[in-house]
Amino acid sequence: MPLLAHVIALRPTPAQVTLFLKAAGCARLAYHWGLAQWNREYQAGGKPNWMALQKAFVARIDADVPFMREVPSSAYAQPFRHLHQAFQRFFAGNARTPRFKAKHRDQPSFKAGKVRCGDQHIILPVIGAVRSTEAPRWAGRVVSSTVRADADRWIITILCEVAEEEAQPPPSPPTTAGIGIDLGLRTFASCSDGRQFQAPRPLRCHAKRQRRPSRRLSRRQAGSRRRQKARRRVARLHRRIRTIRSAFLHPLATSLARDSHVLVIEDLHISGMLANHHLARAISDAGWYEFRRQLTYKCARYGRTLLAAHTFYPTSKLCCQCGNHNPALTLADTVYECTVCGNRMDRDINAARNLSPLARRGIDARGERTALASAGCLPVLPARRSVNPGARTRVTNDLAELSVGSRD
Ligand SMILES: [Zn+2]
């Protein structure tokens, strides 16, 4: 059964905030105890086992750390599993050695275990009912839950096991067969059907407002109270920007994924573009990576095909009506003007229209990788996590990589 996560903001009372912080502290303490023990056993030539460590720790709670009983048992039990996972990643060569966490740098978080959800509250084990901002959107068996601090808010993530039909809501019949989507800096997204979506202005304006507080933060003395205060302020601003961005991206990605059978995006060479300092801030601010990530999993969930045209597919310089190539077009041109057929339209819409024929070819060649590759695009699939580095699944969107052989 598929797993889906609710992310819900909590409205704890001041007393509950204290309990949350206590629980996060207990989680850190348990992790540190486990890590120290692990290192000791390892140096003594032993083979540490996380379940044995967890058992040993829990057996000592009443004698040594009785305050642990004030928080959910998952808060101090789950860190041992995390320790195990951290070492697995380390042994697989995917991460560095697990280290001790610094209290002042750690984001407070803890596992809350099996919670029960009401419409306006969530019942946490031991802690009790905490007011929440929204009701869960689907029913299912709660697998685990995590409470964490996000600047001045507390967020709970509830992982549920959901029935197949509920996880994959029957998508409404798509209104269009194929659509091309061009991502830009002036206009966030332009579609081949002429629709354009502007990123919310607050994003830019908040980015500006953030500059002064972050400068102030960097001037504050390390470890001082005023530095803490400045840091909280910057964190709040960051959270706000994040919230505005996701409130824009999520509905957009959802509606685009629902409306079409096949979607074609450009395989933007984003890291290369970030090297251009004049554009770097604007690009990283735009949230293309996040948009693409959302489109990818939403298309997979609704059974749509998402294709990426390869990096060198000429989208902006071709005329979408006659196919004439206009090499003189620069980044500053906002309107595409064709000298051959007289076509005059928004530069980004012209680019999106150049992508949509790929969608048509993508429909013909559904699923056939090589056929798609010769059409100039490749399917984008959600990345799967793997513990074994040798079998690490990589999402291949690179044509060069595909032509070398079946590397993935
Ligand atoms: Zn033309």
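Residues numbered from 1 in each chain as written. Predicted model: local features only at pLDDT ≥ 70, side-chain atom pairs only at ≥ 80, totals over all residues.

Draft legend 1. Examining the overall build of the protein more closely. Across its full length, the protein holds 12 helices and 15 strands. Of all 408 residues assigned to the protein, the portion counted as buried reaches 28%. Relative to all contacts within the protein whose residues are 6 or more apart in sequence, the contacts with residues 24 or more apart total 66%. (Helix = DSSP H or I, 4+ residues; strand = E, 2+ residues; numbered from the N terminus. Buried ≥ 20, exposed ≤ 12 C-beta atoms within 10 Å, placed from the backbone. Contact = placed C-beta atoms within 7 Å.)

Draft legend 2. Structural view of the pairing of strand β1 (residues 3-11). In the sheet, β1 pairs with strand β7 (residues 153-161) via 8 bridges, with the strands oriented antiparallel. Counted as the bridge partner of Leu-4 is Cys-160 from β7. (Pairing = 2+ DSSP bridges.)

Draft legend 3. Focus on unusual backbone geometry. Even without a glycine there, the phi angle at Val-126 is positive, about 65°. Relative to the helices and strands, Val-126 resides in the loop between β4 (121-124) and β5 (128-132). Residue classification places Val-126 among the partly exposed positions, given that 15 C-beta atoms sit within 10 Å. Its identity as a non-glycine residue notwithstanding, Ala-151 has a phi of 50°, on the positive side. Residue position: Ala-151 is located in the loop between β6 (141-150) and β7.

Draft legend 4. Quick look at the packing of helix α2 (residues 50-64) against helix α3 (residues 73-91). For the pair α2 and α3, interaxial distance at closest approach is 9 Å and the crossing angle is 155°. Taken together, the axes of α2 and α3 lie roughly antiparallel to each other. Here the hand of the crossing between α2 and α3 comes out right-handed. Residues Trp-50, Leu-53, Gln-54 and Val-58 of α2 lie in contact with α3, whose contacting residues are Ala-77, Phe-80, Arg-81, Leu-83 and His-84. Here the residues of the contact of α2 with α3 are counted per class, giving 6 nonpolar, 2 polar and 1 charged. (Axes fitted to C-alpha atoms, helices over the stretch in contact; angles between N-to-C directions. Parallel < 35°, antiparallel > 145°, perpendicular 65-115°, else oblique. Left-handed = near helix turned anticlockwise from the far one by under 90°. Nonpolar A, V, L, I, M, F, W, Y, C, P; charged D, E, K, R; others polar.)

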